[in-house]
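Each chain, letter by letter, is given below.
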Amino acid sequence: QTDTDVVVLTTGVLVLITMLPMIPQSGKQYLRDFFVIFGRLSAWCLQNPGHVAEIYLVHLHASVYALFHRLYGMYPCNFVSFLRSHYSMKENLETFEEVVKPMMEHVRIHPELVTGSKDHELDPRR
């Protein structure tokens, strides 16, 4: 959550994306952390605070896009709730417009957003 080495960040996100489907119930206690990581790395893709080479940013952006798909696919109600609260803040609006909104334009509405709820999504019987 605090690392600034883009290679480590990209590798960590790819590992997280791989592990999430294997630990859906165990990982739910860290769900908020996963969302915060997504928010932080989305901002990183836009602002490039470490002045990283463009090629590394391309890889980071691709891994953040894959994380977006994984979180939206597994926890759509909770993830959309996070996106609403996080990107409704003025300081995050540019990141939403430049990074997150284009990601959202490439997915269909998840059926769980209509038929499910945040609590149902985390139910172990699901």
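The structure displayed is predicted, hence computed values, not measured ones.

What counts, and where the lines are drawn
- Residues numbered from 1 in each chain as written.
- Predicted model: local features only at pLDDT ≥ 70, side-chain atom pairs only at ≥ 80, totals over all residues.
- Heavy atoms only, no water.
- Helix = DSSP H or I, 4+ residues; strand = E, 2+ residues; numbered from the N terminus.
- Rg over C-alpha atoms; globule rule 2.2 N^0.38 Å.
- Buried < 20%, exposed > 50% of the residue type's maximum accessible area, 1.4 Å probe, protein only.
- Contact = heavy atoms within 4.5 Å.
- Areas by Shrake-Rupley, 256 points an atom, 1.4 Å probe, with all protein chains shown as cover.
- UniProt positions renumbered as here; feature names shortened; annotations may be inferred.
- Core = buried A, V, L, I, M, F, W, Y, C linked by side-chain atoms within 4.5 Å.
- Salt bridge = Lys/Arg side-chain N within 4 Å of Asp/Glu carboxyl O.
- pLDDT = per-residue confidence, 0-100.
- Expected span 1.5 Å × (residues − 1).
- Arc of directions from axis to C-beta.
- Polar contact = N/O pair within 3.5 Å; in protein donor to acceptor, adjacent residues only side chain to side chain.

What the protein chain contains, in helices and strands, is seven helices and zero strands. In summary, the protein chain has a C-alpha radius of gyration of 14 Å against a globular reference of 14 Å for 126 residues, a match within 12%. Dimensions along the principal axes, computed over C-alpha positions, put the protein chain at roughly 45 × 30 × 25 Å. Looking at the 126 residues of the protein chain, the share that counts as buried comes to 39%. Pairs at least 24 residues apart make up 77% of the contacts formed inside the protein chain by residues separated by at least 6 positions. In the form shown here, the protein chain has an accessible surface area of approximately 7,500 Å², with 58% of it arising from carbon and sulfur atoms.

Moving on, we come to the UniProt feature "transmembrane region" (unreviewed entry) in the protein chain. On the UniProt side, "transmembrane region" (unreviewed entry) is annotated at positions that read residues 6-23 here. Helix makes up 78% of residues 6-23 and strand makes up 0%, while its end C-alpha atoms are separated by 25 Å.

For the rest of this paragraph, the subject is the nonpolar core. By size, the foremost hydrophobic cluster in this structure holds 32 residues, and its most contacted members are Phe38, Leu60, Leu71, Phe79 and Leu83. Elements represented by at least two residues in this core include exactly α1 (6-19), α2 (31-47), α3 (54-74), α4 (76-87) and α5 (93-104). Of the residues forming this core, the biggest block, eight residues, is contributed by α3. In this view, Phe38 contacts Val64, Leu67, Phe68, Leu71, Phe79, Phe82, Leu83, Tyr87, Val100 and Met103; residues no more than four positions away in its chain are not counted.

Take the pattern of salt bridges next. A full pass over the atoms with the stated rule returns one salt bridge. Residue Glu97 is joined to Lys101 by a salt bridge in which the shortest nitrogen-to-oxygen separation is 3.8 Å. Of this pair, Glu97 and Lys101 both sit in helix α5, separated by four residues, roughly a single helical turn. We classify Glu97 as partly exposed; its relative accessible area is 39%. The partly exposed category is assigned to Lys101, whose relative accessible area is 33%.

This part covers the confidence of the model for the protein chain. Considering every residue of the protein chain, the mean pLDDT works out to 90; 99% of them sit at 70 or more. For the protein chain, helix α7 (residues 118-121) is the element with the lowest average pLDDT, namely 86, and α4 is the one with the highest, namely 95.

With 14 residues, α1 ought to run about 20 Å at 1.5 Å a step, and its terminal C-alpha atoms sit 20 Å apart, in line with that. Looking only at α1, the buried set comprises Val6, Leu9, Thr10, Val13, Leu16 and Ile17. When α1 is viewed along its axis, its buried side chains cluster within an angular range of 125 degrees and face the same direction. Contact partners of the buried residues in α1: α2 and α3. Backbone nitrogen of Val7 and a side-chain oxygen of the N-cap are separated by 3.1 Å at the start of α1; the cap is Asp5.

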